[in-house]
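Coordinate analysis (summary)
Residue-level listing of the chains:
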Amino acid sequence: MASVELNNVCKSFGSVEVLRDVNLSLEGGEFIVFVGPSGCGKSTLLRLIAGLEDISAGELVIDGERMNDVLPARRGISMVFQSYALYPHMTVFENMAFGLEQAKLSPDEIKARIAQAAEMLQISDYMERKPRQLSGGQRQRVAIGRAITRQPRVFLFDEPLSNLDAALRVDTRLEIAALHKRLADTTMIYVTHDQVEAMTLADRIVVLNAGNVEQVGTPLDLYSKPASQFVAGFIGSPRMNFIGGEIAASQGAATFGIRPEHIDLSRKKGQWKGTVRLTEALGSDTFAHVDTETAGMVNVRLAGAERIGEGETVFLTPQPDAIHLFDDAGRPVRKARAA
Amino acid sequence: MMGAASDIAATETAAARVAKASRLSRQRIRSAWLFLAPMLIVLAAVALYPLYRTIWFSFTDASLDLLGEARFIGWRNYLEYVDYGNGDGEWFGLLADPRWWRSVWNTVWFALVSVSLETLFGLVIALVLHKKFPGRVWVQAAVLIPWAIPTIVSARMWAWMLHDQFGIVNDMLQRLGLIDAPVAWTASPETAMIAVIMVDVWKTTPFMALLILAGLQMVPKDMYEAARLDGVPPFRLFRKVTLPLIMPALLVAIVFRALDALRVFDIVYVMTPNTDATRTMSVYARENLFDFDRFAYGSAASTLLFFIIALITIGFIYATRMNLEGDER
Amino acid sequence: MTAPAWLKTTGFYLLVGIIVLQALFPFYYAILTSLEDGQALFEVNYLPAVFDLSNYRSMLSDGVFGKQILNSVFVATVTVIISLFLAITASFALARIRFRGRGLLLLTILSVSMFPQIAVLSGLFELVRAFGLFNSLWSLVFSYMIFTLPFTVWVLTTFMRALPVEIEEAAIMDGASSFTIIRRIFVPLLWPAMVTTGLLAFIQAWNEFLFALTFLSTDSQRTVPVAIALISGRSEFEVPWGNIMAASVIVTLPLVVLVLIFQRRIVSGLTAGAVKG
Ligand SMILES: Nc1ncnc2c1ncn2[C@@H]1O[C@H](COP(=O)(O)OP(=O)(O)OP(=O)(O)O)[C@@H](O)[C@H]1O
Ligand SMILES: [Mg+2]
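Residues numbered from 1 in each chain as written. Chains lettered and ligands numbered in written order. Predicted model: local features only at pLDDT ≥ 70, side-chain atom pairs only at ≥ 80, totals over all residues. Heavy atoms only, no water.

1. Here's the deal with the packing of aromatic side chains
Aromatic rings considered in pairs are described by the distance between their centres and by the relative angle of their planes. Residues and elements named next belong to chain C. Across all of its chains, the model carries 42 aromatic pairs over all chains by this definition. When the ring of Phe125 is compared with that of Phe134, the centres are 5.9 Å apart and the planes differ by 85°; the resulting orientation is edge-to-face. Since its relative accessible area comes to 4%, Phe125 is described here as buried. Owing to a relative accessible area of 33%, Phe134 belongs among the partly exposed residues under this scheme. (Phe/Tyr/Trp six-rings, centres within 6.5 Å; stacked < 30°, edge-to-face > 60°. Buried < 20%, exposed > 50% of the residue type's maximum accessible area, 1.4 Å probe, protein only.)

Listed below in structure tokens is the structure:
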């Protein structure tokens, strides 16, 4: 059970500060997902933990031991890269054995560990192949296998599924979830762009924004109690509607937020009157973009079977207990009593 | 600047914190120097130290057999005014030697003409090789052959072909009715330089063609297709689209070749030994170093040649702001 | 601008023909000459008239020329091996480790490859004599580093930069030291690049003339370019052109074969050395 702690960690490249005072405390065996917009510093944070980048300031502590100056390989960490980073000239077996050889394990031990990992990931059949003779999904599994054999305390994934096609991505996601169950002692840190991956895999999600930690919490926490307008907008798909002006002001806030799935639509009456401009039917859901008189463009989710014509006049009513209010700095505002 | 400075101060002297934290990368940097050391030591021993000694010798009276006893004599190898005492006097030294200036001129002329011709022919060959046609690979292989032939061998091969009595070139030209009597290509002062340039152009055009071809292949194809759809005539297309795009590659190739041409030695030494018409700076320097036993004087010539080439190189690097760091990740 | 298509095509292939002819003819003519002897030598022939190997026999039977070929092989091979060995670690540092002064260092290395050899000749001559290497092949192995080393470092650095960083990072995570990374990861991956670079360096060393002319003084020590340059007759009319051409063909043929085999590699190596700078 390896806990990971980051205390006031900062990272600068030259004069550019990429991470600012990051404080995180991860429990052993936890599955943590880093999400955030592109360029916010997710990979950098992961690479700091791995030891591939220097920590400019602050402390990294694993299992109570300060790790800033410890060699990457001595941190008990394995990493799965986005591009897999398999050694192209080595067979699958050699790829998996390389790290173990460096650790001076006996050949028998190496064979045993590789066999075990290979079986777990169902790659035993291609042990003698070179990476270029494998499909994308197989390569990904070899990369994971290589990481497993080292029996790390902490497992790092940097967008491991982003090179796979949609179907394979779902399968592999499920496999990673299963892997986490099997390796219950191993702390996993996982970087992704994909909301679904984040929500389904994570015990807790860390939302990063421009080098700052915006919020840490369970997926449902982030969804229902976002700590900032940024998190509210980032978590949940499609995005939460943000409405400013009179409506927000009447509630004593700068911004009024409501998710598309928390708005009731009626053809007869409701709080906001508007015209349907565009509908997107996804089968399971239908989304209607409604141009309202008072609240601007608002996106509403309807049941998949519901049909609504573009140009129709409709009325929208936000569900009162799903309203989020933010001040002009994006901080949440205590909810005012219904106006 | 001021803003940045106070920012850093505000965030608790970031510099101090950085210095403290980067033990791992310091280790890595140390290993970098360790990896570089053997190469740097060899290069220093084989380039820097000898260069320094050459420059030193140029300020001494060293002679071939008495290198150890060389004494410092200042600028006398370069320029010296000897006063004959009767109000008369004479300038001596490299800078007052008309043969030196002749060889400087020869070298520059050689470089100018041969590089221009190589660029022109290289461009033509590159444009041909850039087209797809059956047997292209074989043509490219054929083009490479002159490049692979040792300079000395090409010099002698051509010397034979240009032979005044039995040479095939004279024979061809006579058959074609271009000349009436055989020409002594390498022996006569008027044609010696032409002969040397011809061989150099023949031998190095492939190199030029390859570099230009590489530049051409980096030009995106759709650029041509778009221009062709717009009905741009081929020559205009070349001048307005292709040429500007391959200019960087072309410039690099020209400078590489020019620097190479300025130090030319082999061809001249083998094809046209001992003639004022073709003597280049390198030939002049070596002559003095080893044939005329004027080691210090030859060193002075070498030194001057070095600085001329260095100046050109530095000028080029500044002019093009070559990106040497490469792509930072 | 509106020439008929067939005229354009003919013109193009005519150009191709001229290019191929000018490239091949001198070597062809050298082979032709080398197979002639006696009177045939002094008649201009465009097509093979006789087939006489006596020039080759006389070059190869006198022993010295064979020794000179071995000298060249030895010098070029050893030079290339040492250069590659020194260059592979150096280019790892230059391509993969960020440190202050790296740009300047690359610049210096590049400029050394531009050094006019004559500029170091006096100093090298002194060194060679001081180490007692005069008239020894090692003087060439040593002095050839001045052009093979910057070249190999430069080209290998370019190739090494093109390899994905993540592979190296994976190896770091696997606990490999920098030296292990070079040996187990980069050398196997760069093997083709090293062959190319080595081949090009070999050709440079094989063809070098100025140092070989200066640092070697006896016939049996000489390398082939010097040997060929120094073949002469007692008078202008006794120059053994047949022998010279035979020797030329012997030293050139292996290079031509190599070039034909490794054509694509050579092209990529040459352009990596120059264009990407
Ligand atoms: N080696 C580096 N030198 C300078 N800046 C860097 C370096 N590596 C990353 N950065 C900068 O740090 C910031 C964070 O980069 P990082 O790769 O961590 O983003 P990310 O959140 O992983 O983005 P993405 O989702 O696109 O992968 C970016 O602005 C990037 O430009
Ligand atoms: Mg990233």
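Next comes the rest of the write-up.
2. Brief notes about the packing of helix α2 (residues 92–102) of chain A against helix α4 (residues 136–149) of chain A
All names here are of chain A. With their axes 8 Å apart at the nearest point, α2 and α4 run at an angle of 30° to one another. The orientation of α2 with respect to α4, classified from their angle, is roughly parallel. Note on packing geometry: the crossing formed by α2 with α4 is right-handed. Residue-level contacts link Val92, Asn95, Met96 and Leu100 of α2 to Val142, Gly145, Arg146 and Thr149 of α4. Its residues assigned to classes, the contact of α2 with α4 comprises 4 nonpolar, 3 polar and 1 charged. (Axes fitted to C-alpha atoms, helices over the stretch in contact; angles between N-to-C directions. Helix = DSSP H or I, 4+ residues; strand = E, 2+ residues; numbered from the N terminus. Parallel < 35°, antiparallel > 145°, perpendicular 65-115°, else oblique. Left-handed = near helix turned anticlockwise from the far one by under 90°. Contact = heavy atoms within 4.5 Å. Nonpolar A, V, L, I, M, F, W, Y, C, P; charged D, E, K, R; others polar.)

3. Points about the nonpolar core
By size, the foremost hydrophobic cluster in this structure holds 242 residues, and its most contacted members are Phe34 of chain A together with Trp147 of chain B. Leaving out residues up to four positions away in the same chain, Trp147 of chain B has contacts with Lys203, Pro206 and Phe207 of chain B together with Leu200, Ile203, Val259, Ile266 and Leu270 of chain C. By size, the runner-up hydrophobic cluster in this structure holds 42 residues, among which are Phe157, Ala198, Ile205 and Val231 of chain A. (Core = buried A, V, L, I, M, F, W, Y, C linked by side-chain atoms within 4.5 Å.)

4. Examining the pattern of salt bridges
In a structure, side chains of opposite charge can pair up when their charged atoms sit close to one another. Residues and elements named next belong to chain A. Scanning the model with the defined rule gives 29 salt bridges over all chains in all. With a shortest N-O distance of 2.4 Å, Glu30 and Arg204 are connected by a salt bridge. Of this pair, Glu30 sits in the loop between β2 (16–26) and β3 (31–35) while Arg204 is found in strand β9 (residues 204–209), placing the two residues 174 residues apart along the sequence. Between Arg277 and Asp291 there is a salt bridge whose closest N-O contact spans 3.4 Å. (Salt bridge = Lys/Arg side-chain N within 4 Å of Asp/Glu carboxyl O.)

5. Digging into the packing of helix α5 (residues 136–148) of chain B against helix α12 (residues 241–261) of chain C
For the pair α5 of chain B and α12 of chain C, the least separation of the axes is 9 Å and the interaxial angle reads 140°. By the angle class used here, α5 of chain B and α12 of chain C are oblique. Crossing angle aside, the handedness with which α5 of chain B passes α12 of chain C is right-handed. Here Ala141, Leu144, Ile145, Trp147 and Ala148 of chain B of α5 of chain B lie close against α12 of chain C, whose contacting residues are Leu255, Val256, Val259 and Leu260 of chain C. Per-class residue counts for the contact of α5 of chain B with α12 of chain C are 9 nonpolar, no polar and no charged.

6. Focus on helix α7 (residues 168–175) of chain B
Considered for burial, the residues of α7 of chain B that qualify are Ile168, Val169, Asn170, Asp171 and Leu173 of chain B. Summarising the contacts, the buried residues of α7 of chain B are in contact with α6 (151–161) of chain B together with α1 (5–34) of chain C. Looking one or two residues beyond α7 of chain B, the residue adopting positive phi is Gly177 of chain B, at roughly 75°.

7. Notes on the sheet that holds strand β4 (residues 57–62) of chain A
The strands that make up a sheet are held in pairs by hydrogen bonds between backbone atoms, and each pair lies either parallel or antiparallel. Residues and elements named next belong to chain A. As summarised here, the arrangement of the 4 strands in space is β2-β1-β4-β5, forming an open sheet in which the pairing is antiparallel. With partners counted over all chains shown, the strands left at the sheet margins are β2 and β5 (65–66), one partner each. Where strand β1 (residues 4–13) lies against β2, 7 bridges are found, and the strand directions are antiparallel. Bridging across to β2, Leu6 finds its partner in Leu24. (Pairing = 2+ DSSP bridges.)

8. Digging into the domain arrangement of chain C
All names here are of chain C. Assigned domains within chain C: domain 1 (7–52) and domain 2 (63–270). Computed from C-alpha atoms alone, the centre-to-centre distance between domain 1 and domain 2 is 32 Å. Tallying the contact residues gives 6 residues for domain 1 and 7 residues for domain 2. Of the roughly 570 Å² buried where domain 1 meets domain 2, counting both sides, 88% is carbon and sulfur surface. Run the count over domain 1 and domain 2 and you get 0 salt bridges. For the pair domain 1 and domain 2, the interface holds 0 residue pairs in polar contact (both at pLDDT 80 or more). The residue inventory of the side of domain 1 that touches domain 2, partitioned by class, reads 4 nonpolar, 2 polar and no charged. (Domains from an automatic or database assignment. Buried area = accessible area lost by both parts, 1.4 Å probe. Polar contact = N/O pair within 3.5 Å; in protein donor to acceptor, adjacent residues only side chain to side chain.)

9. Thoughts on the sheet that holds strand β16 (residues 296–303) of chain A
All names here are of chain A. Spatial ordering of the open sheet is given by β13-β17-β14-β15-β16, a layout of 5 strands whose pairing is antiparallel. Across the chains shown, the open sheet's two edge strands, defined by having one partner strand only, are β13 (263–266) and β16. Within this sheet the neighbouring strands show an average axis-to-axis angle of 45°, counted without direction. Taken together, the 8 bridges between strand β15 (residues 285–292) and β16 define a ladder with antiparallel strand orientation. Along β16, the bridge assignment pairs Asp285 with Ala303.

10. A few points about the site of ligand 1
As a matter of local geometry, ligand 1 sits amid 13 residues, with Ser38, Gly39, Lys42, Ser43 and Thr44 of chain A nearest to it. Ligand 1 is flanked by residues contributed from chains A, B and C. In the environment of ligand 1, an oxygen atom lies 3.0 Å from a nitrogen or oxygen atom belonging to the backbone of Gly41 of chain A. Starting from 640 Å² of accessible surface for ligand 1 in isolation, the protein chains cover 66%. Counting residues per element, the shell around ligand 1 draws most heavily on helix α1 (residues 42–50) of chain A, which supplies 3 residues. Broken down by class, the residue content of the shell around ligand 1 amounts to 3 nonpolar, 6 polar and 4 charged. (Near = heavy atom within 4 Å. Areas by Shrake-Rupley, 256 points an atom, 1.4 Å probe, with all protein chains shown as cover.)

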